[in-house]
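# Chains, contacts and geometry: an overview
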Amino acid sequence: MSTLAAMLLLLVLCFPISTSEGASSATRKCEDSLVTPLPNKFFHGSSEYGRGYGAAFAKLNRIQGAGGWSPLDTDRYQWLQVDLGSRKQVVSIATQGRHRSYDWTSQYRLLYSDTPNNWRPYLKDGNIWTFKGNNNSDNVVREDLQHAIVARYIRFIPLHWSQKGRIGLRLELYGCSYWADVISFDGHSIISYRFRSKKMKTLKDVISLKLKTTARDGVLLYGEGQQGDYILLELRRATMKLSINLGSSQYNLIQGHTSVTSGSLLDDGHWHSVVIERYRRNINFTLDHHTHQFRTNGEFEHLDLDYELTFGGLSESAKMSFGGKENFVGCMEGITYNGDNITNLVRRKKVDTSSFRNLTFTCAESSSFPVYFNSTSLLRLPGQRDSDVLSVSLSFRTWNPSGVLMFTQLAKGWLELGLIDGKVTVYINVTQKRSSHIDISSGLGLNDGQWHSVHLNALDNYAMLTVDGDEASTVRTAIPAQIKTGGTYYFGGYVSRTDSRSLQRSFQGCIQMIHIDDHLVDLRALEDGHIGTFENVSLDMCAIIDRCVPNHCEHGGKCSQTWDTFSCNCSGTGYSGATCHTYGSPFTWWVGRDNKRHFYWGGSGPGIQKCACGIENNCTSSKHYCNCDADLRTWKEDAGLLVYKDHLPVNKVVVGDTSRAGSEGKLTVGPLKCQGDRNFWNAASFISPASSLHFKSFRSETSTDISFYFKTSSNRGVLLENLGASNFLHIEIRGGSMVLLSFDFGRNQMELTVHSPKPLNDDQWHRVEVEKNIKEAVLQLDGQYREVKATPPLGHTELEFYSDLYIGALSGQRGFLGCMRALKINGIFFNLEERAKVTPGVKPGCQGHCSSYNMHCRNGGKCVEQYNGYSCDCSLSAYDGPFCTDDVGGYFEAGTLVRYDFLTDHGASLLGDPRSFLDVGNLVNLTQEELVFSFSTYSAPSILMYISSRSQDYMAVVLRSNGSLQVRYSLGGLAEPYTIDIDHRNMANGQPHTVNITRNLRKIQLQLDHYTTSTYMLPEASDTQFNLVKSIFLGKVFETGQIDPILIERYNSPGFVGCLSRVQLNNVAPLKAALRSGMKAPVSIHGILVQSNCGASPLTIPPIQPANDIWQIDAGSALFSFKDEKTGADAVHHNFAVIGGTISLVILSVLCILVFVIRHMFRHKGSYHTNEAKGAESANCADAAIIVNDPAFTETIDESKKEWFI
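The shown structure was predicted, so the numbers you read here are calculated from the model rather than taken from an experiment. (Residues numbered from 1 in each chain as written. Predicted model: local features only at pLDDT ≥ 70, side-chain atom pairs only at ≥ 80, totals over all residues. Heavy atoms only, no water.)

### Quick notes on the pattern of salt bridges
Summed over all chains, the structure comprises 33 salt bridges. With a closest N to O distance of 2.7 Å, aspartate 103 and arginine 98 form a salt bridge. Residues aspartate 103 and arginine 98 agree in their burial class; the two are buried. Between aspartate 1009 and arginine 985 there is a salt bridge, and its shortest N-O distance comes to 3.5 Å. Here arginine 985 lies in the loop between strand E67 (978-982) and strand E68 (993-1000) and aspartate 1009 lies in the loop between strand E69 (1003-1008) and strand E70 (1014-1017), a separation of 24 residues in the sequence. The network of salt bridges with shared partners includes Arg87, Asp114, Lys212 and Glu333. (Salt bridge = Lys/Arg side-chain N within 4 Å of Asp/Glu carboxyl O. Buried < 20%, exposed > 50% of the residue type's maximum accessible area, 1.4 Å probe, protein only. Helix = DSSP H or I, 4+ residues; strand = E, 2+ residues; numbered from the N terminus.)

Shown next, in the form of structure tokens:
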């Protein structure tokens, strides 16, 4: 039994979907040509260009006459009308231009009606729809209607046409015959459908009907039972209200009454369909294709009714319980109850219709003739001239709080009737008197979309204003002078007046029943051109649209509207945004790790904005996404697990909504269980340009959310796309710093871009969030960079992405390389890892080439993923080559210098790049720096490196006259610069040497070649901040301003002669920038600089341990001097030392002479080649061992490049 019940429940709840599919199937079969068989007399047009251009020639593919219809005038007042002979169901439209001409219609609107008046525009997405027509004369453009229409008369309104010609049109309508029994109700008659048995107890009900009326109120359906059950369907202020009670508990402790409303503006004189489907307590309430799903209150599931159902009004017994309700006035058709066709039974006289005075099966049309005004509309009508009585009345409906209803010029002065802040206001200016301005107003909130009547009389020195026929509230006021009418009345606006108030805006809405001088204006005569004139108005139609029904404001937001748009008031909801979709400032939250607030609850997650029932679509109230938000009198629960471990544990819960009387709540927090977060870290790695993960399509909702994390080292790639037949969604990264979102919105393509000031291809996680709703589209990056664009009013219902979803590029040409995780669409996580296991080119988890080969990118190089491998980005390294291991150096002539300037606007990016191995954050004031370089030279003294500033701070590395190295710091606070002298060895020995100087505040660490790092401390009096860094000088200083005179006098002339390489200050490589012409950098060269690697290859032996290093530096002092070592008393050891020293001196002298001779003969500087060294075993010192073991240290002059300098 329970299984059967579950199956029945599924069928009932899915019935609208099945119905839609069935309708779709029926629609495909309903494709008869409706226009082609019609005789010529069934075609009418506003005019015709000439003989052969009449409306009867407007049949598709016909070439008779001039080959189509063309009106005499080419403007927006033209129309083509087709009488289908009887009511037909229309499902599709096809158009052509006029045969072999330059005449066609590129855009048009469609009106329809059962009679040749009271037209209704075709609506889509809640707006008057504009159809795409033709761009040539003979191609056929067909468009299927989203919802079929039923009408006898169809009218086409051209909006845009050929720029080369004029309006031209041929057409065809596709559909089929339509028939239904129609019953007319006069407000006194009801249909009594009596049950076969006295009582009817049902678990399931299906009730449907169609109605057409101009009345705001009226009962459509009623049934009741003696146990208190009832069902009532009625019009209330032109909205549809369904009330139902399946029974209340004893003593009424649990009330079963449930009431919901749907739709609005149902008094428009057009057909509307209603379907009620109930299974137990689950109800689908559908009005004009919009379904409202809800569950009834109480605990009972059967509807117990006695005797009968009544249609069109209340039974006599029910009037005692629901007194004051009006009977229905209008027409109904297609009335069915649980399979019984009530209208057919009425025709066959099988039901009681005794209350009908005159039962008719036709529907009388309304005699009203509405006029539709937009912001540029104007209606000019005549009246009596020079009359001392002014009488004007009309009915209007609008959403705008202000607007001009009527303006007339008096013989002396003028009068204006309009809306201001939702009140009807009359402003009279009588110029004969000084105090001649009269203001009267009446009514409140009249911009509610309902019809309101206004009657203005002015005579005998007083004026009267009556609103909605309420004589008791009529406003009267005295007029200081007798008025005389001017004879012309302007409705909807009058732009030519100069002396009236300018704060009024033109009227947007509908006006009908216009009376001037107590006579009803014949607006049909206006349409025929017999009286008055008009501009930009639509006659015989009221195209008012309720943009708040259905309510697109989520989470209980209150919708308000004007004629053009709607807005949401989110106060009190805890949400914000255009549609109250985004978390705002909720009343209740919990505090997790790092004292951060979180606004989601158990069973949900961050950003979903729904409780578990909202995700599963089974909340108690369909208006809310949490059970507890429904504010019911019975206890409801929202429960589940908090699974995002980065936010846990729950440290505190804050409840702020505690001041409401009669409201109770209970909150419990369970124990913490650590099991990880599979969804949040569910990731996949894309390692091929043709790789993409394939998922089934997702259907777009009114609001669609997409969020995910990605990280990549590529500068472009498609992250996600969903390609439909005519719609698409596309997200990609471009240029390494921009995320692009593009999608179709109906016929419009929207594109949003967000730029990041930091690179996105930094192999760090970045978050993308996308929200699309009926008001706007939002693209957000990393929670702080965002772009918001308003969505167009047309097209949002077409965003149904039927094609499949691809993570990565479907085409493979712009595939994504990197990792993606935590993909979530409309609150549902996608299992990337599982799909990656069966997808070539994608691996579960986050991995790639760089995860395996990143160590091959050396010396600060960054691994970059490629389609079929990886590459090393050496832009932040002083090295070059495939793996950032090739030295970049240059040979300096005497007087050569390289200058690198730090520009103030480039500072942060040059020294504060987040990828830097030493992030100093700000160029202007350094508290830490790392300087690395290599050099080889025979000349001393000289300046190797000098870093200047816009203050007096500087840093310098020099070679003294004895070849020893000296580091000089001047950061302020000391009378003399702080110096570090390395006096234990001669560095000007022609061999390559590497220097690494690192400072952090006062601590300075210095490493020479392979020796152990030595540490020094700046004195306490010294500043620790290197202020206003300006330039780096290599080889020589040429600087303006105050410079340390010791540097200039002792070390600056003639300048450094030799090789410098591997020069890098933090993440700036000045020498590399000078030698690479393709790099844009503020660098300049003075003198001759020849590129060379200077023989400074990486060392191939490990550092010598301090215990075995005969040249170990004593780090306790910064100053050193040469001192003769004391020898032992052993004469043998002394003799060996003297002999060894003499031999070493001779060898060194011979080597120096050879080098001098070679330099003198070839005069060639800057390039070297390597010859493998021999005899490492016989090396008699550490330096010799390095030379013979590392071939790079024995590089000699390479003559292959033939670069000669004289």
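### Looking at the nonpolar core
Grouped together as the largest cluster of nonpolar side chains are 45 residues, with contacts concentrated most on Phe933 and Val957. For this core, the element with the most residues is helix H10 (residues 1070-1075), which contributes 4 residues. For phenylalanine 933, the contacting residues outside a window of four places in its chain are Leu944, Met945, Val957, His993, Thr994, Val995, Leu1060, Ser1061, Arg1062 and Val1063. Of all hydrophobic cores here, the second largest spans 42 residues; its members include Phe369, Leu419, Phe507 and Ile511. (Core = buried A, V, L, I, M, F, W, Y, C linked by side-chain atoms within 4.5 Å. Contact = heavy atoms within 4.5 Å.)

### Brief notes about a nonpolar patch on the surface
A surface patch of nonpolar side chains, about 460 Å² in accessible area, is lined by Ile1143, Ile1147, Val1150, Leu1151 and Leu1154. Its place among the elements puts leucine 1154 in helix H11 (residues 1131-1162). Overall, leucine 1154 belongs to the partly exposed group, its relative accessible area being 48%. (Patch = residues over 30% accessible without salt bridge, like charges linked within 9 Å, V, L, I, M, F, W, Y side chains within 5 Å. Areas by Shrake-Rupley, 256 points an atom, 1.4 Å probe, with all protein chains shown as cover.)

### Re the environment of valine 426
Following the sequence through the fold, valine 426 ends up in strand E28 (residues 423-429). On the basis of relative accessible area, valine 426 is assigned to the buried category, the value being 0%. Sequence-wise, valine 426 and serine 441 are 15 residues apart; in three dimensions their C-alpha atoms are separated by 6.2 Å. Those residues in contact with valine 426 that sit more than four places away from it in its chain are Leu415, Glu416, Leu417, Ile438, Asp439, Ile440, Leu456 and Leu465.

### Describing the packing of aromatic side chains
Applying the stated criterion to the full structure yields 27 aromatic pairs. Put simply, the rings of Tyr108, Tyr122, Phe131 and Phe156 touch in pairs and so form one group of aromatic residues. Of note, lysine 775 hangs over the ring of phenylalanine 566, and the distance from its end group to the ring centre comes to 4.8 Å. Above the face of the phenylalanine 695 ring, arginine 835 is positioned so that its terminal group lies 4.6 Å from the ring centre. (Phe/Tyr/Trp six-rings, centres within 6.5 Å; stacked < 30°, edge-to-face > 60°. Lys NZ or Arg CZ within 6 Å of the ring centre and 35° of its normal.)

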